[in-house]
Amino acid sequence: MTAVEQKALQDLLLARIRDVPDYPKPGVLFKDITPLLADPAAFGALTEALAELCVRHGATKVVGLEARGFILAAPAALRAGLGFVPVRKAGKLPGATLAQAYDLEYGTAEIEVHAEDLEPGDRVMVIDDVLATGGTAEASLELIRRAGAGVAGLAVLMELGFLPGRERVTPALGDAPLEALITV
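Conventions adopted
- Residues numbered from 1 in each chain as written.
- Predicted model: local features only at pLDDT ≥ 70, side-chain atom pairs only at ≥ 80, totals over all residues.
- Heavy atoms only, no water.
- Helix = DSSP H or I, 4+ residues; strand = E, 2+ residues; numbered from the N terminus.
- Rg over C-alpha atoms; globule rule 2.2 N^0.38 Å.
- Buried < 20%, exposed > 50% of the residue type's maximum accessible area, 1.4 Å probe, protein only.
- Contact = heavy atoms within 4.5 Å.
- Areas by Shrake-Rupley, 256 points an atom, 1.4 Å probe, with all protein chains shown as cover.
- Lys, Arg positive; Asp, Glu negative; His and termini not counted.
- Charge placed at Lys NZ, Arg CZ, Asp CG, Glu CD.
- Pairing = 2+ DSSP bridges.
- Axes fitted to C-alpha atoms, helices over the stretch in contact; angles between N-to-C directions.
- Expected span 1.5 Å × (residues − 1).

**Describing the overall build of the chain**
Next, step 1: Scanning the chain for helices and strands turns up six helices and nine strands.
Next, step 2: Rg of the C-alpha trace for the chain: 16 Å, near the compact-globule value of 16 Å for 184 residues, within the 12% margin.
Next, step 3: When the backbone C-alpha atoms are referred to their principal axes, the chain occupies close to 40 × 40 × 30 Å.
Next, step 4: Across the 184 residues of the chain, 41% fall into the buried class.
Next, step 5: Pairs at least 24 residues apart make up 62% of the contacts formed inside the chain by residues separated by at least 6 positions.
Next, step 6: In the structure as shown, the chain presents an accessible area of about 9000 Å², 56% of it carried by carbon and sulfur atoms.
Next, step 7: Averaging the coordinates of the 17 positive side-chain charges in the chain and doing the same for the 25 negative ones gives two points 2 Å apart.

Encoded structure:
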């Protein structure tokens, strides 16, 4: 993608993301992507860009992080001709799972993946909507490696540059790239 094409994509995506003040609590400016998803041209351009990143970085599977990451990752995986693997909150997947706990600001959380969905030799692109503090993304990278797969990269629609997500996930990525389509 040329610099001009990248700028046009960023402008299109930003124009379809709505700011919602004081949600989910006072003082927070929530970035609502539902207008983007409702616009087939914008959603299609986003899907194409994410699929291109998967192909460029040699992914063999795509992981989507619950819940909005599912919405972005599944069509990107399909467009790239790759399998889609959901990473869910603990207790949401039937059967044998691998789990990874991670720290939150006030407590812990846990994510899971079906044990058989990732295999040695897989190169996995993780896709999510927003990179904020990086806890879920970091945990997903650890989970992928524990399953025996490699990390092709982490791609997000939007990085909140004023939060420490990039600093948190960079060590977990190793040599794999972090691709943010837009940074706010």
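**As for the sheet that holds strand β8 (residues 150-159)**
Next, step 1: Taken in spatial order, the seven strands line up as β5-β6-β4-β3-β7-β8-β9 in an open sheet, and their pairing is mixed. The sheet is open, and its two borders are formed by β5 (97-104) and β9 (178-183), each paired with just one other strand. Each neighbouring strand pair of the sheet contributes to a mean axis angle of 20°, computed without reference to strand direction.
Next, step 2: Summarising the sheet, strand β7 (residues 123-131) and β8 pair through eight bridges and their orientation is parallel.

**Re helix α5 (residues 135-146)**
Next, step 1: In this model α5 runs 17 Å from its N-terminal to its C-terminal C-alpha over twelve residues, within 8% of the 16 Å that 1.5 Å per residue would give.
Next, step 2: Of the residues making up α5, those classed as buried are Gly 135, Ala 137, Ala 139, Ser 140, Leu 141, Leu 143 and Ile 144.
Next, step 3: A positive backbone phi angle near 95° is found at Gly 148, which sits one or two residues after α5.

Don't take any of this as a statement about function, it's just geometry.
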